[in-house]
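Listed here are the chains, written in short residue letters.
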Amino acid sequence: MRIFSADQTAAALPYPTLIAKISELFAAGLKAPLRHHHTLANPQGQEATLLLMPAWQGQQGFGGVKIANIHPDNAKRGLPAVIASYLLFREDTGEHLALLNGSVLTARRTAAASALGARYLANPTSQTLLILGAGRVARELPEAFSSLFPLKRILIWNRSATRAQSLVNQLQALQCWEVELVSDLKAAVEQAEIISCATLAQQAVLLGAWLQSGQHVDLIGSFTPQMREVDDETMQKALVYIDTEAALHESGDLLIPMQTGALHPRNICGSFYDLCKLEHSLHDPKLITLFKGVGHAVEDLAAAIVAYQAQSKME
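Predicted model only: the values in this text are computed from it and were never measured.

So, how was this worked out
- Residues numbered from 1 in each chain as written.
- Predicted model: local features only at pLDDT ≥ 70, side-chain atom pairs only at ≥ 80, totals over all residues.
- Heavy atoms only, no water.
- Helix = DSSP H or I, 4+ residues; strand = E, 2+ residues; numbered from the N terminus.
- Rg over C-alpha atoms; globule rule 2.2 N^0.38 Å.
- Buried < 20%, exposed > 50% of the residue type's maximum accessible area, 1.4 Å probe, protein only.
- Areas by Shrake-Rupley, 256 points an atom, 1.4 Å probe, with all protein chains shown as cover.
- Lys, Arg positive; Asp, Glu negative; His and termini not counted.
- Charge placed at Lys NZ, Arg CZ, Asp CG, Glu CD.
- Expected span 1.5 Å × (residues − 1).

Here the focus is the overall build of the protein. A count of helices and strands for the protein gives eleven helices and 14 strands. For a compact globule of 315 residues, the expected C-alpha radius of gyration is about 20 Å, and the protein comes in at 18 Å, within 12% of that figure. Summarising its shape, the C-alpha atoms of the protein cover approximately 55 × 45 × 40 Å along the three principal directions. Looking at the protein as a whole, 53% of its 315 residues are labelled buried. Of the accessible surface of the protein, which amounts to about 13,600 Å², a share of 52% is contributed by carbon and sulfur atoms. Taken together, the 25 basic and 29 acidic charged side chains of the protein have centroids lying 1 Å from each other.

This part is about unusual backbone geometry. The phi torsion of most residues other than glycine is negative, and most of the peptide bonds are trans. Even without glycine at this site, Gln175 takes up a positive phi of about 55°. Relative to the elements of secondary structure, Gln175 occurs in the loop between helix H5 (161–174) and strand E9 (178–181). The class for Gln175 is exposed, based on a relative accessible area of 72%.

Further remarks concern helix H2 (residues 15–27). Taking 1.5 Å per residue as the helical rise, H2 with its 13 residues ought to reach 18 Å, and the 18 Å between its terminal C-alpha atoms agrees with that figure. Along H2, the positions that sit buried rather than exposed are Tyr15, Leu18, Ile19, Lys21, Ile22, Ser23, Leu25 and Phe26.

Just geometry here; none of it tells us what the structure is for.
Written as structure tokens, this is what we have:
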């Protein structure tokens, strides 16, 4: 069995290849069971979450399962919020093929999924990306989106200015974009064509009143019914797409506005199963689009397959 370190996992998941594989599996209609979602009580801070996410291709292909621990308070400890491992196996024999760093895999496939959603919904000529958040996934977003869009400017906002500045410094060192720290979020929203929220917010940080026609909103952070990154007005103004139907059961960004009446399930325009069959972008400069992803086992399996096959070609 191959064991991939964090660096090896990242190196084996180039964004163009990863995005293409995720699109391929969704276009083929690959399904996966709903993930097991367990809450771990924490009297001293925010609750933690244990996720178990299996998927398999069928017809004697690959299968795998991810075990992920999500601990929002880990930033205070200098640790990533998501700690995970991914086990890839052969479906016909059950042979364990690879153990990958699930935290890196999760971050890269999450960013890849966001970029894939934007491929179909955002302005293809977008040059300015605004990122809300400064965690592990936020660090991946510029590279992921740049694999599909001609980005020149990256704007970074975070509640903690210190963490935001740290991310700005990391991105500036790459010398790929003009990277700016922003404190006035409303003003930053007005400058951006793509707005990606990668926070662990419990209340809306992005407001619909700030949004303009032609913008695309990408929501990553909310993965429980209590978490949300945008307000009801955002959901009312935008054409809403999701990665899979699991988002309707797990994310407060969808559940809360459905409870208030600001959003109805019939107003969800489509999912990856619809988008990945398209041959062209749906972008309309007169409309606001929104993509909400909660992550899916199909995305994890796609990443594990890409990494395993890349390693196999090198041997």
